[in-house]
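# Architecture at a glance
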Amino acid sequence: MESKVVKKLLVFGTMNIAAFMFSQNTVTDTISPKDKVIDEVVITGNSNPKNSIKTSTSISTLKSADIINSAPRTTAEIFRTIPGIRAESSGGEGNSNITVRGVPVSAGGSRYLLIQEDGLPVMQFGDIAFGTQDQFTRFDSFVSRVEALRGGSASVFASNSPAGIINFITKTGEKEGGSITQQIGLNYQNFRTDIDYGTPLGKDFYIGVGGFYRGGDGPRKTGYTSNNGGQFRLSLLKKLEKGSIRLYGKYLDDRTAAYMPMPIAVSGSDSNPDYSSLNNFDILTAALQSSNFKNDVTLGANGQILKSDIRDGMHSVSKTVGAEFNYDLGSGWKLDAKARYAANDGQFLAPFPASVGSKSEILESVTDYGSAVYAGTNTEVDNNAEYMKTVLFNTKLNNLNNFFSDVNISKKWNTVKMNAGVYNSSQNINISWNWNTYLMEVSDNNARLVDIISNTGTKITNNGLLNYGVPAFGGVNRNYDTRYSVIAPHAQVEINPIEKLTLDLGARYDFGNVSGSFSGTQNTRRVIDINENGTFETPEYAVEVVSGTAPVDYQYGIFGYSFGANYALNSRNALFARVSQGGSASADRILFAGYNYTNNDDPALDAVKVNKLNQIEVGYKLRGPNYYLNTTLFQARTIEANYEATTQLRTENKYESFGVELDGFFKLNKHFDIKAGLTYTHAEIKNAIDQTIIGNMPRRTPKFMYSFNPNVNIEKLSFGFFAVGSTKAFTQDSNKLVMPGYVTVNPYISYRLLKNLTLNVNANNVFNALAITEAEEGTLQGTNGIVRARTLPGRTMGASVKFDF
């Protein structure tokens, strides 16, 4: 297999060498207007905006029309067409796993990549448990474009984001006019309205407004309206004689369903598994949510009774205000400052199957089992059905407020550009885990809860509730109230020693301070009347109560640097190389792992405070009047630590990977063009606490990821499709159980009815591909033929009408 891979890489290299030789023989540095090359000015990960061919970075730009055509149903699905980005968007509108070529997904979220809005992060950490950054990020028509930087200079331009940056750049109101877009689901319930408008208010003064509101069921059957909410944005821009000042705000209040791993049948062997839906549970359309499972009552963080509506799902609330200021100080000096404050809170409610099996395996395993009935009835359960012991992840996001500022001053000389700045941030992580355990049937048609009755006639459960808490996980109800502060001075220098050569060197140092406390290290059980009905049901005799508090008070430092060189052979060709080092601080993921969080001299804590990433990139960029091709060879080395709540396993791993990334576009004529991307990765676990996994491939890492988008334009008509796929990968680091490769096809057709009225119809995963992105089990050995996995949803079809004015 490896020899075939080498042959393919040689073919890719030969293609690039041929393209390079051809362009060398036919292109001069003077290009006529009709031969103007395709290129774009980029601002993300650069101290000075410039054409992408002049940068020693790998960066892609997604325009609004491209995003709409690719038919994303969530924020993370926007990124799936970007070469080198792996976006596992099977969790719904948030809680997605996102990473960059060669960097592992060893925890939830996106530890090494940050999502930004207008150059500042949405969250200081991309992997906050149940508070990931995509939960607080929404794409709407007020977004002008999305820039995605992979590797490269991200180590010095952002904290905790050494692998890359995805930047949502919003409109300012400078372009007068706007649009209204109405979307509907054709085979699923979705109703969404987007609006944006910009106009001048006076001389050099502009206002922009926009946002969306939606309602519907989402791409899976939950039994109720799962998506309900929206977002509003406002921008005020004043242009000055030598600069500008901008104030902006965002209000997000959105409820969406969160999808956890779901039961799926598996036969065959670990290396050649055959995945299929269970009889009563279609893995492509089903959800663990149910209209029979809407309410939860538990003990809250402060000992109060907490009543929750499970239909709220991922409830994200963000109230944001920001400011930008730039000014030309004269003599080549410029000042650029950004600041933003966000008040973030919400709740995360999602059922998780702790175990799945037959009646005897799940229901009859309950202590003192006598019989089982569907909750609220006297009807005995179906002996031939499957059942779940379900943990409700009821997590209160009490306070995820943050503040970010970045002040930069730059100076230009003839051949030297210098930028120096100070980044300051504060991120609160105040979250409470208030989890309960339930029994329910496996069904995609409003699954019913199950009650257990003892041989003496006593109800062991209460309307399906088995435990207040999660004894199966060792008791994970917990609270943490921590604050992470960072001051990071950084500097970048760009030098043009000769006309065609650009060198850039940057460095950054994060001074991090962590304070606060967390509780739940020694939970106890008490008798409490949780439902407040005056009597004690069986589960109320053993209510898990959070106890045992540990203080947190430590510091950390991250030194990041990046050195790049870009040589423009001519106007169409450039070679580049980059060496970089960076890190991402461990936040809540290492709490409860047993370290001494108040001893900065403890070598055990010191080893896990920062996850380190070193990268090398070498690439070639080719531009022409109707094509471009970017080729990047990369190597990445990662050292990280993690702690998983559901398994109570601590990991400290070292990874190494290398590969190649291709990103291309070709326009055959005015009617046809195609975009394509391909990433090959060879990754290996170099060291680990578990010695048996050394030498294995990191979990969920495919060797190949690819996408291509052929597009046809005929006057008012445009149509095509996005195909996104990956080859097989392993579910866990043990490298036993395989997740098959897949490709999802997302077609679209757009027709301009009038000059300012456009109709669009698109589909996501039109062929119902079974695309498994993760699984809890690492092997079929010892299982009952059922594993728990997250898959991309099946076919969803939608239509939209856009009116421009």
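See the structure shown above.
Owing to the predicted nature of the structure, the values given are computational and were not obtained by experimental measurement.

## Some points on the pattern of salt bridges
In total, this model carries 37 salt bridges according to the counting rule given. Arg80 is the partner of Glu77 in a salt bridge, and the nearest nitrogen-oxygen pair spans 3.6 Å. What emerges from the salt-bridge pattern is a single network uniting Glu93, Arg138, Arg214 and Asp254.

## Examining the sheet that holds strand β45 (residues 786-791)
The four strands are arranged β16-β15-β45-β44 in an open sheet whose pairing can be described as antiparallel. Either end of the sheet is taken by a strand with one partner, and the two such strands are β16 (273-276) and β44 (772-775). Between one strand and the next, the sheet's axes are offset by a mean angle of 50°, whatever the strand orientation. Examined bridge by bridge, β44 and β45 share three bridges and lie antiparallel to one another. Note that in β45 the partner of Ile772 across the bridge is Thr791.

## Description of the packing of aromatic side chains
Going through the model one piece at a time under the given rule, you end up with 28 aromatic pairs. Between the aromatic rings of Phe130 and Trp435, the centroid separation amounts to 5.7 Å while the plane-to-plane angle is 85°, which identifies the pairing as edge-to-face. Of the two residues, Phe130 sits in the loop between β7 (120-121) and β8 (143-150) while Trp435 sits in the loop between β24 (416-433) and β25 (436-441), which places them 305 residues apart along the sequence. Across the pair, Trp435 and Phe130 agree in class, each one buried. Arranged with centres 5.0 Å apart and planes meeting at 45°, the rings of Tyr680 and Phe704 form a pair that is tilted. With a gap of 24 residues between them, Tyr680 in strand β37 (residues 672-687) and Phe704 in strand β38 (residues 704-714) connect regions that are remote in the sequence. Each member of the pair, Tyr680 together with Phe704, is buried. Of the aromatic side chains, those joined through ring pairs into one cluster are Phe130, Phe348, Phe352, Phe393, Trp433, Trp435, Phe473, Tyr480, Phe518, Phe592, Tyr595 and Tyr597. Stacked on the ring of Phe212, the Lys or Arg Arg192 has its end atom at 3.9 Å from the ring centre. The ring of Phe592 has Arg478 sitting right over it, with the charged end atom 3.8 Å from the ring centre.

## Thoughts on the environment of Asn784
Within the secondary structure, Asn784 sits in the loop between β44 and β45. Note on Asn784: relative accessible area 32%, which makes it partly exposed. For the pair Asn784 and Ala265, spaced 519 residues apart in sequence, the C-alpha to C-alpha distance is 9.0 Å. Contacts of Asn784, omitting those with residues within four sequence positions, involve Val356, Gly357 and Glu361. A distance of 3.0 Å separates a polar side-chain atom of Asn784 from the backbone oxygen of Val356. Within the structure, Asn784 has its side chain in polar contact with the backbone nitrogen of Ile786 (distance 3.1 Å).

Conventions and cut-offs
Residues numbered from 1 in each chain as written. Predicted model: local features only at pLDDT ≥ 70, side-chain atom pairs only at ≥ 80, totals over all residues. Heavy atoms only, no water. Salt bridge = Lys/Arg side-chain N within 4 Å of Asp/Glu carboxyl O. Pairing = 2+ DSSP bridges. Helix = DSSP H or I, 4+ residues; strand = E, 2+ residues; numbered from the N terminus. Axes fitted to C-alpha atoms, helices over the stretch in contact; angles between N-to-C directions. Phe/Tyr/Trp six-rings, centres within 6.5 Å; stacked < 30°, edge-to-face > 60°. Buried < 20%, exposed > 50% of the residue type's maximum accessible area, 1.4 Å probe, protein only. Lys NZ or Arg CZ within 6 Å of the ring centre and 35° of its normal. Contact = heavy atoms within 4.5 Å. Polar contact = N/O pair within 3.5 Å; in protein donor to acceptor, adjacent residues only side chain to side chain.

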